[in-house]
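For reference, the chains in residue letters:
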Amino acid sequence: MTLRVLHISSERSWRGGEQQIAYLIDELHNLGVQNEVLCQAGSEFEEYCNSHSIKCHTSHFSGVKGFFKGAKDLKKISKGFDLVHVHTSKGHTVAFYSHLRGCKAKFIVSRRVDFVPGSSLLTRWKYTFKGIKKILCVSDAIRDIMLEYLGKKYADKCITVHSGVDLKKFKASDELDLRKQYKIDDSTFIIGNTSALADHKDYFTFIDTAYLIIQSGFKCKFFILGDGPLEAEIKKYCYSQGIGDHVSFTGFVTNPIEYLRNFDLFLITSKTEGLGTSIIDAFANAIPVVATNAGGIPELVINEQTGLLCAVKDSNHLSEAVLRLASDNELKQRLITNAKAHIKNFSKEETAKKTLKVYQEVIG
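Residues numbered from 1 in each chain as written. Predicted model: local features only at pLDDT ≥ 70, side-chain atom pairs only at ≥ 80, totals over all residues. Heavy atoms only, no water.

A. Quick peek at unusual backbone geometry. Phi is positive for Lys183, which is not a glycine, with a value near 55°. Relative accessible area serves as the criterion here: at 78%, Lys183 is assigned to the exposed category. Positioned with a positive phi, Glu304 is a non-glycine residue whose angle comes to about 70°. Within the secondary structure, Glu304 sits in the loop between strand S12 (289-292) and strand S13 (308-310). Note on Glu304: relative accessible area 28%, which makes it partly exposed. (Buried < 20%, exposed > 50% of the residue type's maximum accessible area, 1.4 Å probe, protein only. Helix = DSSP H or I, 4+ residues; strand = E, 2+ residues; numbered from the N terminus.)

Next comes the structure, spelled out in structure tokens:
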């Protein structure tokens, strides 16, 4: 019998979480699962589904009226599916309201963020209502947070399934020559990050770290890819530190991997992080990584083995780690070799196999 799964994505825009859903649907399809999607009307995910021949239902996920409209639609649409996999926070809220309205679906909830849910009875109820059969955490760090929040009696309900990436995509041959485009000579060390300019990515510490590295006299250039709600504020801070000429903000790019391949080092300074799939991208492209020990990052960046790890907001230690790695080629090569071996556990194929195993367990 073919397993039928309805996936819920409530976001309008396309970021890392949406890419993870797309990867999962693609790989589950290869494993024989029939997938359909319920998403925000007019969203980028709806556009993705339409262009990839994925059957898509749309509803609303914002405001009280939107939540109740979504709950009503979900109750109707979910009939005939073996499972409903909820991938986003607002989707989780809609699933909860739909359950209260009599929806009998079995829900799988993905948890991608490493902060503790709210303490209100309503929020706790959202994570414990009987319709939720499993909570898939993208890192062990998130699972630990959820067990602390829910209590150990939910230990069997909270399961770690790491996010994965498409390791085959890194075999593309068309490459951007960043040095040529930005007129950077071969003696200049390129340091970059491909994360969204959002609060939890803590680009202020990134700028502080860059400032210390530049002040040391090290010849380098920094790249910050993407856009986000704090873009203007981060740019302003960068120029206030007097390092605007050393930092390039590219804005949103459609080919971040091509930029990444030009980096000599990947620097990520997040203060919270579910896992950090951009680090996997760096590992796969043989780019050494210096990172903060936020959330699930240490499950990827094992200090002194696959990368160098520093405390959150510790720009002094981060700058020292960057300078150390830049000057020690033996260390750099050892970390790159270990990292490439480590990411074999973080492919989209592995994520889908582990997710399907959970599905099969839930439906018995």
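There's plenty left to go through after this.
B. Structural view of the nonpolar core. Of all hydrophobic cores here, the largest spans 64 residues; its most connected members are Leu74, Phe107, Phe263, Phe266, Ile279, Val289 and Val301. Once residues within four sequence positions are removed from consideration, Phe266 is found in contact with Gly192, Asn193, Thr194, Leu260, Ser278, Ile279, Ala282, Ile287, Pro288, Val289 and Val290. Core analysis: the next-biggest nonpolar cluster, separate from the first, contains 29 residues, Ala210, Phe249, Leu318 and Leu325 among them. (Core = buried A, V, L, I, M, F, W, Y, C linked by side-chain atoms within 4.5 Å. Contact = heavy atoms within 4.5 Å.)

C. A look at the side chain of Thr209. Relative to the elements of secondary structure, Thr209 occurs in helix H8 (residues 203-215). Given the relative accessible area of 0%, Thr209 is considered buried. A polar contact of 2.8 Å, which involves the side chain of Thr209, links it to the backbone oxygen of Thr205. (Polar contact = N/O pair within 3.5 Å; in protein donor to acceptor, adjacent residues only side chain to side chain.)

D. Quick look at a nonpolar patch on the surface. Taken together, the side chains of Leu100, Leu122 and Trp125 present a nonpolar region at the surface, about 300 Å² in accessible area. Tracing the backbone through its elements, the reader meets Leu122 in helix H5 (residues 121-128). (Patch = residues over 30% accessible without salt bridge, like charges linked within 9 Å, V, L, I, M, F, W, Y side chains within 5 Å. Areas by Shrake-Rupley, 256 points an atom, 1.4 Å probe, with all protein chains shown as cover. Salt bridge = Lys/Arg side-chain N within 4 Å of Asp/Glu carboxyl O.)

E. Region of interest: the sheet that holds strand S10 (residues 247-251). With parallel pairing, 6 strands are arranged side by side in an open sheet as S10-S9-S8-S11-S12-S13. Looking along the sheet, the strands with just one partner apiece sit at the ends: S10 and S13. Direction aside, neighbouring strands of the sheet carry axes that sit 20° apart on average. As defined by bridge partners, strand S9 (residues 220-225) adjoins S10 across 4 bridges and the pair is classed as parallel. Bridge pairing in S10 links Phe222 to Val247. Seen against the sheet, helix H11 (residues 277-284) touches strand S11 (265-268) and S12 and runs at an angle of roughly 170° to S11. (Pairing = 2+ DSSP bridges. Axes fitted to C-alpha atoms, helices over the stretch in contact; angles between N-to-C directions.)

Everything listed is a geometric property; what it means functionally is a separate question.
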